[in-house]
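# Results of the structural survey
Letter by letter, the chains look like this.
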Amino acid sequence: MTREEAGRLGEESAVSYLCGKGFHILGRNVHSGHLETDIIAADDQYIIFAEVKTRRTYPGKSHPFGRPAGAVNQQKQERLIAAAEDYLRKHRDTLAGLQPRIDVIEVYISPHCDAYKVLHIAHLPGAVRRKPDP
């Protein structure tokens, strides 16, 4: 399985996870210019912009690249915030009353087989937030 295939399947798993939590999916791989959001979903209270990170490792084990959420560096966070703001601006009328949130969803898959097997999903609500101005 290629890295791209694992990432795509990780996003599929995250979509299923969110649907199981009562969210409905508004969009996947939503582009706003050069910016992209993996999943946009909503429930009765929130609209979430989810960044999905998939790793072939066991949860809790050390990995050379650290936790999947660690890949969401400051530059990526700024891009996620800009993409969310753009989406909210364009869809302001249909999203009234929903609280925006940027989440990271970590999908851990088996590192030892070619077959795709989800070992664990970690949902980190509000993992990305705008830094206050100094």
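Residues numbered from 1 in each chain as written. Predicted model: local features only at pLDDT ≥ 70, side-chain atom pairs only at ≥ 80, totals over all residues. Heavy atoms only, no water.

## Digging into helix 1 (residues 3-20)
Short version of the rule: A run of H or I in DSSP becomes a helix once it reaches four residues, and a run of E becomes a strand once it reaches two; helices and strands are each numbered from the N terminus. One fewer than the residue count of a helix, multiplied by 1.5 Å, yields its expected span. Buried means the residue's accessible area, taken with a 1.4 Å probe over protein chains only, is under 20% of the maximum for its type, while exposed means over 50%, and partly exposed covers the values in between. Note on contacts: a residue pair is in contact if any heavy atoms of the two residues lie within 4.5 Å.
Taking 1.5 Å as the rise per residue, helix 1 with 18 residues should run 26 Å; its terminal C-alpha atoms sit 26 Å apart, in good agreement. Among all positions in helix 1, only Ala6, Gly10, Glu11, Ser13, Ala14, Val15 and Leu18 are buried. Where helix 1 is buried, its residues meet strand 1 (24-32), strand 2 (35-42), strand 3 (46-56), strand 4 (99-109) and strand 5 (118-128).

## Let's talk about unusual backbone geometry
Positive phi, close to 50°, is recorded for Asn29, a residue that is not glycine. One can find Asn29 in strand 1. What makes Asn29 partly exposed here is its relative accessible area of 29%.

## What to know about the confidence of the model for the protein
We apply this condition: Per-residue confidence from the predictor is reported as pLDDT, a score between 0 and 100.
The pLDDT averaged across the protein works out to 87; a share of 90% of its residues lies at or above 70. Confidence, expressed as mean pLDDT per element, reaches its minimum in the protein at strand 5 with 91 and its maximum at strand 2 with 95.

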